[in-house]
Amino acid sequence: IERGVPPSTDTSASRELEWKNFGFPIAELKTIKLDGGNLVIGAMCTHAQVAMSADVKRACPALAELAGGIGDQMVRNMGTIGGSIANADPAACYPAGIVGLGATIKTNQRSIAGDSFFTNVFETALKPGELITAVASGTGDTLKTFLATH
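So, a few notes on the structure that sits alongside this text. Values in this document were obtained by computation on a predicted structure and should not be read as measured data. (Residues numbered from 1 in each chain as written. Predicted model: local features only at pLDDT ≥ 70, side-chain atom pairs only at ≥ 80, totals over all residues. Heavy atoms only, no water.)

1. Overview of the packing of helix 5 (residues 61-68) against helix 8 (residues 94-101)
Contact geometry of helix 5 with helix 8 gives a least axis separation of 11 Å together with a crossing angle of 175°. Considering the angle they form, helix 5 stands roughly antiparallel to helix 8. Where helix 5 abuts helix 8, its residues L63, L66 and A67 lie against Y94, G97 and L101. Residues that form the contact of helix 5 with helix 8 fall into these classes: five nonpolar, one polar and no charged. (Axes fitted to C-alpha atoms, helices over the stretch in contact; angles between N-to-C directions. Helix = DSSP H or I, 4+ residues; strand = E, 2+ residues; numbered from the N terminus. Parallel < 35°, antiparallel > 145°, perpendicular 65-115°, else oblique. Contact = heavy atoms within 4.5 Å. Nonpolar A, V, L, I, M, F, W, Y, C, P; charged D, E, K, R; others polar.)

Below, the structure written as structure tokens:
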């Protein structure tokens, strides 16, 4: 938990209690919603949820496609966007997607721009005790602009 890794692949009651001890409503960490012009994905949303979400498909189809290509079905059903981002593995799909989309990582303490969040290989800007709660992005316009200009 100190590295900011949500208890993403362990849905046991003990893990949920850990989140509750930090004062987070568990259900909110597992939701995907369009909030104004932003797509907000809770840290505990699985890759499969991201891939199948009508809101993600509508707002940012590239992100839905990216999530649908992660690992195999078992990995997509168990792994989470928050866990993947906190791990900061350069071989993972989400880090490049987060930076390319101009997304923001929301934590229990602050919001961090995606391009400032990943500080090195397997390293992030998370501080001790800081936890990822959500990923927020515009509706894909940033990526469309990037692709059109490069």
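Still more ground to cover, so stick around.
2. Quick word on the layout of surface pockets
Taken as a whole, the largest pocket encloses approximately 160 Å³ of empty space. Along its surface, the largest pocket is lined by 11 residues, and E28, L29, V40, T133 and A134 are the ones closest to its centre. Broken down by secondary-structure element, the contributors of at least two residues to the lining of the largest pocket are helix 2 (26-29), strand 2 (38-42) and strand 7 (132-137). Broken down by class, the residue content of the lining of the largest pocket amounts to five nonpolar, three polar and three charged. (1 Å grid on protein atoms, 1.4 Å probe; cavity = no way out; pocket = protein on both sides within 12 Å on 5 of 7 lines; lining within 4 Å. Points joined across faces, edges and corners; volume = space filled by probe spheres on them.)

3. Quick notes on the pattern of salt bridges
Taken as a whole, this structure holds two salt bridges when the rule is applied. Close ionic contact of E130 with R110 constitutes a salt bridge, the shortest N to O distance being 2.7 Å. Within this pair, whereas E130 is found in the loop between strand 6 (123-124) and strand 7, its partner R110 is found in the loop between strand 3 (104-107) and strand 4 (111-113), the two being separated by 20 residues in sequence. For E130, a relative accessible area of 0% translates into the label buried. (Salt bridge = Lys/Arg side-chain N within 4 Å of Asp/Glu carboxyl O. Buried < 20%, exposed > 50% of the residue type's maximum accessible area, 1.4 Å probe, protein only.)

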